[in-house]
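Per-entry structural report
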Amino acid sequence: MLEAIRGLIAWTPMGLPAFLFVITLVVFFHELGHFLVARHFGVKVDVFSIGFGKEIVGFNDKHGTRWKLSWLPIGGYVKFAGDADASSKPDSEAALRMTAEERAGALMFKPVGQRAAVAAAGPFANFLLAIVLLTGITMYGGHVVVAPVVGQVNPGSPAAQAGIKPGDLVTRIDSTPIRDFQQLPEIISVSGGETLAVGLKRAGHDLTVQVTPKLTKVRDVLGNMGSQMVIGVRPDPKAAVTREHYGPVGALTAACSETWNIIKTTILGIGQMITGHASADQLRGPVGIANMTRQVAGFGFLPLLNLVAILSVSIGLANLFPIPLLDGGHLLYYAVEAVLGRPLGERAQDVGFRLGLVLVLGLMLLTTWNDLVRLNLF
């Protein structure tokens, strides 16, 4: 434990700036999405904050918005006129004292469709940021494709039991054609332990084997331990490696595809955690993200931007979950309002926000515990 603490302290000078860069960029664009759409609909924005807690530095723009940087850099918020707090909970008491002019600029008095657009704008700004970054990265560096040739089969693994051998070329998994070895862990990790039909080419002959992935403790590419569905194969170090180059249209298409793949994989992974086919130790909190950022930063600026894109998609998607306090919770309330023709009662909304707070705090505790265990602090 002492060694882990010393290691944590040792990387802080290098890892902290990288973490602040990543999290600030992701949070800024998320909140900017809310801000721009709200301004478009004539909503007055009181505060635009990166971070929570006490203000470090800030300024007021000509529209009266306080732009500020706060001392706890694990998120941010936009506070609209008529909000009770940073969670965008309507302040019903303040609403009673508002003049007609103030009501015109308050989010709570805007049509439900406009309020929904403001809530959804943050996550979609995250998706847009990811697409822009991935497009630029793909245009600059292209895409490296490693031929899906098996180089090693772990003894006793699902692959060994199914009869997969070194030298086999993987051609498909179920109905998905395989052309890059990296496709294997992407598909297998979200298989939920279901048996997969793996197509192989061996000595010029095609064959199909049935493989059932197994949940196993493995190290990821950064050396961190975690539970993942695997079949127990490694790539052939002598396999052909090619680099594909893209123009603007091709890069944009590839970026959109990659963004969608991250969304789909995340949703499938969460579903499998709920059903017990994946481990919750894969979830990371602020400490884990900071550690991962420090590790990725060691590989260079482009990998760091790639991490920004992945986190941006993940945070945008997480905010769409129908949990009060999050953007998805607001969208849920607005959907109910659209169906009923009136907002939920103040009591119901208050209970929802309290339950949402409990869920969010519980998730933060779980992810922080995972982070500390991963760092061998417990």
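Everything below is about the structure printed above this text.
Quick caveat, the model's predicted, so the values are computed rather than measured. (Residues numbered from 1 in each chain as written. Predicted model: local features only at pLDDT ≥ 70, side-chain atom pairs only at ≥ 80, totals over all residues. Heavy atoms only, no water.)

With respect to a nonpolar patch on the surface
Residues Phe52, Ile56, Val57, Leu69, Trp71, Leu72, Ile74, Leu357, Leu361 and Met364 make up a contiguous nonpolar surface patch of about 880 Å² in total accessible area. Within the residue set of the nonpolar patch, elements represented by two or more residues are strand 1 (45-60), strand 2 (66-80) and helix 11 (346-374). With respect to the element layout, Leu72 can be found in strand 2. Take Leu72: its relative accessible area is 31%, and that puts it in the partly exposed class. (Patch = residues over 30% accessible without salt bridge, like charges linked within 9 Å, V, L, I, M, F, W, Y side chains within 5 Å. Areas by Shrake-Rupley, 256 points an atom, 1.4 Å probe, with all protein chains shown as cover. Salt bridge = Lys/Arg side-chain N within 4 Å of Asp/Glu carboxyl O. Helix = DSSP H or I, 4+ residues; strand = E, 2+ residues; numbered from the N terminus. Buried < 20%, exposed > 50% of the residue type's maximum accessible area, 1.4 Å probe, protein only.)

Observations concerning the pattern of salt bridges
By the definition in use, this model includes eight salt bridges. The residue Arg66 makes a salt bridge to Glu55 at a minimum N-O spacing of 2.5 Å. Residue Arg66 is located in strand 2, and its partner Glu55 is located in strand 1; the two are separated by 11 residues in the primary sequence. The exposure class assigned to Glu55 is partly exposed, which follows from its relative accessible area of 29%. Shared partners join several salt bridges into a network, and the residues in it are Lys44, Asp46 and Lys79.

Some thoughts on the environment of Ala147
Relative to the elements of secondary structure, Ala147 occurs in the loop between strand 3 (143-146) and strand 4 (150-153). The class for Ala147 is buried, based on a relative accessible area of 18%. For the pair Ala147 and Phe181, spaced 34 residues apart in the sequence, the C-alpha separation amounts to 5.9 Å. If we ignore the near neighbours within four places in the chain, the residues touching Ala147 are Phe181, Ala239 and Ala240. (Contact = heavy atoms within 4.5 Å.)

Keep in mind these numbers describe shape, not what the thing actually does.
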